[in-house]
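# Notes for the structure review
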2 protein chains.
Amino acid sequence: MIVTPQSMHFDAPLPLQSGALLRDYNLSYETYGMLNTSRSNAVLICHALNASHHVAGVYAGQDKSEGWWHNMIGPGKPLDTNKFFVIGVNNLGSCFGSTGPMHAHPDTGQIYGADFPVVTVEDWVNAQARLLDALGIETLAAVMGGSLGGMQTLSWTLQYPSRVRHAVVIASAPNLTAENIAFNEVARRAITTDPDFHGGHFYAHGTVPKRGLRIARMIGHITYLSDDVMNEKFGRKLISASQSAQERDYFYSTLEAEFQIEGYLRYQGDKFAEYFDANTYLLITRALDYFDPARAFGGNLSLALARATAKFLLVSFTTDWRFAPKRSREIVKALLDNQRDVSYAEINAPHGHDAFLLDDPRYTSVVRSYFESMEVTA
Amino acid sequence: MIVTPQSMHFDAPLPLQSGALLRDYNLSYETYGMLNTSRSNAVLICHALNASHHVAGVYAGQDKSEGWWHNMIGPGKPLDTNKFFVIGVNNLGSCFGSTGPMHAHPDTGQIYGADFPVVTVEDWVNAQARLLDALGIETLAAVMGGSLGGMQTLSWTLQYPSRVRHAVVIASAPNLTAENIAFNEVARRAITTDPDFHGGHFYAHGTVPKRGLRIARMIGHITYLSDDVMNEKFGRKLISASQSAQERDYFYSTLEAEFQIEGYLRYQGDKFAEYFDANTYLLITRALDYFDPARAFGGNLSLALARATAKFLLVSFTTDWRFAPKRSREIVKALLDNQRDVSYAEINAPHGHDAFLLDDPRYTSVVRSYFESMEVTA
């Protein structure tokens, strides 16, 4: 499936939760499949921390350009684009196309940098709703997302209950725990205390706070994986020690990478620092921290979710300690308290939080069945 | 109990596991209680990452100078200094008195910095054994330690089996998992990529890599606590929001601390960066990474522990995800495979890895009973 990214310009200012206004912005998006005549088969995909609108398909002539949920979405796939019209959209504040801190403020012509306004899950959902307005889609067959994308999905059912028929919330949570916020904060501090950060205006200084980005990514990566999968994949294996031969002696160095897990994390950090924007990292982790629909209801999630009218599928993974199954069960319970229609699958997968992006036949078949049984009028 | 730190000088070079020699070094230590005439009541305490020889008692005229295991060790305490002669010793490479990277190399007069040799748990135990030689103590009633201190305790029973009658290994593990190493590595990278690190020779540049130390400590601190205790203590509480009053609105900032957990971690990081040496941090985390007595036995811990003849008490804490109970149970199993005398207590405590330093009546009474029933000839 060859796809082409698109961009839409919005003139009307977007009022943000913080009270700020974002005016004159673009949203990058992609679509897969065909909108039917009753406009009833649209599915919106919301992305997580370091993903984009490029959800499925490949770009013409570009090797390894598969979308981040390529295994899940396409012709004949669990979310079948022969039946559904699927929309991927890049969120505001991102560094992958939609207006973000790397772009110029329309009034001043200056790069936003640290002055890009803080955006929330609710703001993203409002921006996504405007994109759907522009595409002539009033009601979505479904919204679907994993992790932070699951938070947007949940928020859709609260902000626009009449526009969402189904919500597929994967490996997500009704808010972050103190430990989740703690990991985000360490990553942010690594970035903001990097001398190359310059208060977020590093573009003007011709620098990139790569040291901080590397550390942030290394921390993040640890939390995406399970202890078990890390032990299985790396264990205590040494760098440049063959598994069959007698293991070499230690290097006895505090500076050199000694264990394979160290080399792996350094590689992931280096790669990430080459393409990801530091201000985007701050914005997206903050959106994660702030999401808490129960907050306006004294912490009562059941009261908060009373507005939702969609049918729900929730999926969690047993070894996901970042967004543990018990957090999904909190959402399930709150929906059941409101007599909502909820399906829930807890997948016994070894891969930790990353499992939501991987192929697991139990996981993909749950999603496939859910979309297969979804009625769509022609 | 008023105590006074002491220091002992060693002229004979110490051969290290890496093949290097450390010559002309000092060990700082403290003792509590009286050595009996048969010299049979000595207990050695081994310290963990950021502790020292100041294990118990207070310094004359210094407020808040309690030793780090003050609740556990002293007259009438679980390890009763009316019965036992207790020795606290600071490890080589530390920044609290014993010879370390902040000291001068005896040959060159230059501060060691990054040139201080890598030291291992086994090296520390050898140095501790020399201190005991100098104190005229051949056999220890017990060695005791938590976390990294528990690793030294275990190593004592393997390196000097005939010199240890009892080993008390608390919240420890037979080696680090890939995830443990990963957290250490991120912390080390935060330090070594801080521009103020200067390859470890920051003393000569008049700088301290405080940014890196702060990040390292924040990461460490998250792993010392349990998710549960963090939620209970901080949850999603905002900074400067009273609990009784209506919660304030968010600051909507990516740079300011918004949640109390953020303020707490920043405070811990700042405090640590003021007193802890960056090279010591690298050395101690590396000693943790390298410890793996089963390595020389093809990974077979039962074979590795066959040398141990001591009686053992192991204690673990249910919410400790850094050194989880299952790691202690690996040691228990390997000892039982060798028909050794082992007691094991798994304490249902909410405080995570930090629990080994806290007061929990079930924990302290297990330790108290163990030492009370220990026979010591006059």
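Everything below is about the structure shown above.
Residues numbered from 1 in each chain as written. Chains lettered and ligands numbered in written order. Predicted model: local features only at pLDDT ≥ 70, side-chain atom pairs only at ≥ 80, totals over all residues. Heavy atoms only, no water.

On to helix α10 (residues 361–372) of chain A. Residues and elements named next belong to chain A. Over its twelve residues, α10 extends 16 Å from the first C-alpha to the last, a length consistent with the 16 Å expected when each residue adds 1.5 Å. Of the positions making up α10, those classed as buried are Y363, T364, V367, Y370 and F371. Viewed end-on, α10 has its buried residues packed into an arc of 125 degrees, placing them on one side of the element. Counted as exposed and oriented over 90 degrees from the buried face of α10: P361 and E372. (Helix = DSSP H or I, 4+ residues; strand = E, 2+ residues; numbered from the N terminus. Expected span 1.5 Å × (residues − 1). Buried < 20%, exposed > 50% of the residue type's maximum accessible area, 1.4 Å probe, protein only. Arc of directions from axis to C-beta.)

Residue and element names in this part refer to chain B. Strand order in the open sheet made by the eight strands is β1-β4-β8-β5-β9-β10-β11-β12, with mixed pairing throughout. Lying at the two open borders of the sheet, with one neighbouring strand each, are β1 (6–10) and β12 (342–347). Strand-to-strand, the axes of this sheet are offset by a mean angle of 20 degrees, without reference to chain direction. Where strand β5 (residues 42–46) lies against strand β9 (residues 140–146), four bridges are found, and the strand directions are parallel. Of the residues in β9, the one forming a bridge with I45 is M144. With respect to the sheet, helix α2 (residues 148–159) is in contact with β5, β9, β10 (164–170) and β11 (311–317), its orientation differing from that of β9 by roughly 145 degrees. (Pairing = 2+ DSSP bridges. Axes fitted to C-alpha atoms, helices over the stretch in contact; angles between N-to-C directions. Contact = heavy atoms within 4.5 Å.)

Time to look at the pattern of salt bridges. One pass over the structure, following the stated rule, counts 42 salt bridges over all chains. Here A:R163 ties to A:D133 by a salt bridge, and the two come within 2.8 Å at their closest N and O atoms. Here A:D133 lies in helix α1 (residues 121–134) and A:R163 lies in the loop between α2 (148–159) and β10 (164–170), a separation of 30 residues in the sequence. One salt bridge in this structure joins A:E274 and A:K210, with 3.1 Å as the shortest N-O distance. Taken together, the positions of A:E274 in helix α6 (residues 260–275) and A:K210 in helix α4 (residues 210–224) put the pair 64 residues apart, joining distant regions of the chain. Take A:E274: its relative accessible area is 55%, and that puts it in the exposed class. Counted as one network, the salt bridges with shared partners bring together A:E185, A:R188, A:R286, A:D289, B:E262 and B:R266. (Salt bridge = Lys/Arg side-chain N within 4 Å of Asp/Glu carboxyl O.)

Within this structure, the stated rule accounts for seven cavities of 30 Å³ or more. Considering only enclosed or pocket space, the largest cavity measures out at about 120 Å³ in volume. If you go around the largest cavity, you meet 14 residues; those closest to its centre are A:A190, A:T193, B:A190, B:D194 and B:R211. The set of elements that each furnish at least two residues to the lining of the largest cavity consists of α4 of chain A together with α4 (210–224) of chain B. The residue inventory of the lining of the largest cavity, partitioned by class, reads six nonpolar, four polar and four charged. If you add up the space inside the second largest cavity, you get close to 80 Å³. Every residue lining the second largest cavity is listed: B:L176, B:E179, B:N180, B:F183, B:N184, B:T223, B:L288, B:W321, B:R322 and B:F323. Among the elements that make up the lining of the second largest cavity, the one with the highest residue count is helix α3 (residues 178–192) of chain B (four residues). Each residue belonging to the lining of the second largest cavity can be placed in one class, and the counts come to five nonpolar, three polar and two charged. (1 Å grid on protein atoms, 1.4 Å probe; cavity = no way out; pocket = protein on both sides within 12 Å on 5 of 7 lines; lining within 4 Å. Points joined across faces, edges and corners; volume = space filled by probe spheres on them. Nonpolar A, V, L, I, M, F, W, Y, C, P; charged D, E, K, R; others polar.)

A few words on the relation of the copies chain A and chain B. When chain A is brought onto chain B, the operation consists of a screw motion whose angular component is 180 degrees and whose axial shift is 0.0 Å, with 0.0 Å RMSD remaining. Expressed as a symmetry operation, the mapping of one chain copy onto the other fits a two-fold axis. By residue overlap, the copies meet face to face through one surface: 100% of the interface positions of chain A are interface positions in chain B. (Least-squares fit on C-alpha atoms with pLDDT ≥ 70 in both.)

This part takes up the pairing of β11(B). In the case of a regular strand, side chains alternate between the two sheet surfaces. Residue and element names in this part refer to chain B. Of all the seven residues making up β11, six are buried; the element is thus mostly covered by neighbouring parts of the structure. Pairing geometry for β10 and β11, over five bridges, is parallel. Residue pairing in the sheet places V168 in a bridge with L313 of β11. Sheet analysis places β11 next to β12, joined by six bridges and oriented parallel. The residue bridging V315 from the neighbouring strand is A345, located in β12. With respect to chirality, the unit in which β11 leads through helix α9 (residues 325–337) into the neighbouring parallel β12 is right-handed. (Right-handed = clockwise from strand over helix to strand, strands pointing away.)

Attention shifts here to the packing of aromatic side chains. Inspection of the entire model under this criterion finds 50 aromatic pairs over all chains. Their ring planes at 45 degrees and their centres at 5.1 Å tell us that B:W156 and B:Y160 sit as a pair that is tilted. Among the aromatic residues, those joined into a cluster by ring pairs are A:F96, A:F272, A:Y275, A:F276 and A:Y281. The residue whose ring lies beneath B:R163 is B:Y160, and the NZ or CZ to ring-centre distance is 5.8 Å. We note B:R295 situated over the ring of A:Y250; from NZ or CZ to the ring centre the distance is 4.1 Å. (Phe/Tyr/Trp six-rings, centres within 6.5 Å; stacked < 30°, edge-to-face > 60°. Lys NZ or Arg CZ within 6 Å of the ring centre and 35° of its normal.)

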